[in-house]
Amino acid sequence: MEVDSAEKAIEATKTYKPDLVLMDVMMPGPIDGIEATRIIKNDSDTSGIVIIVLTAKGQKQDIEVGNAAGADDYIIKPFSPVELIRRVESALAWIMKKKLAMKKKGDNDPGLDDLQSIQYARELSQLYRSEKDR
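Residues numbered from 1 in each chain as written. Predicted model: local features only at pLDDT ≥ 70, side-chain atom pairs only at ≥ 80, totals over all residues. Heavy atoms only, no water.

**Q** Explain unusual backbone geometry to me, using residue names and the numbers behind them.
**A** Cis geometry is adopted by the peptide bond preceding Pro78, which originates at Lys77 and carries an omega value of -5°. Its place among the elements puts Pro78 in the loop between strand E3 (73-76) and helix H4 (81-104). Although it is not a glycine, Lys17 adopts a positive phi angle of roughly 45°. (Helix = DSSP H or I, 4+ residues; strand = E, 2+ residues; numbered from the N terminus.)

**Q** Which residues make up the packing of helix H1 (residues 6-16) against helix H2 (residues 33-42), and what values go with them?
**A** With their axes 9 Å apart at the nearest point, H1 and H2 run at an angle of 20° to one another. Viewed along their axes, H1 and H2 adopt a mutual orientation that is roughly parallel. The element H1 and its partner H2 pack so that their crossing is right-handed. Here H1 contributes Ala6, Ala9, Ile10 and Thr13 to the contact with H2, which in turn contributes Ala36, Ile39 and Ile40. (Axes fitted to C-alpha atoms, helices over the stretch in contact; angles between N-to-C directions. Parallel < 35°, antiparallel > 145°, perpendicular 65-115°, else oblique. Left-handed = near helix turned anticlockwise from the far one by under 90°. Contact = heavy atoms within 4.5 Å.)

This is the structure:
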């Protein structure tokens with residue numbers, strides 16, 4: 001799902017509770033992606049969502065602000081499709097490990113199931129191949 005403002009990103013996370021969000025810092029509207037990240041991470045219903053922040057701002061202080069807001073990863077533009085795919089795959093692997101550990105404890109997490117995660121990984125691989133061919 002793609003949204004065009006930080007406010008819509010916040011609402012979408014509350015409604016759909018995705019496992020992973022790619023959040024751009026620069027977004028139209030009164031709040032930016034960093035503030036949206038802070039809001040999502042401070043809400044007990046959405047605090048477990050992994051957020052990867054995408055930005056052209058690569059100064060150390062900008063990264064520290066993103067991390068302080070709760071960002072799980074920070075990718076500086078311009079980035080290659082390969083870098084994005086690797087970061088997303090790494091985040092998905094961490095999410096899957098966490099879900100498997102929760103299942104072993106008997107918790108039925110309502111997020112992405114294993115088959116959906118595998119399908120997502122396949123789609124990322126296809127994206128990588130098409131970008132590589134270009």
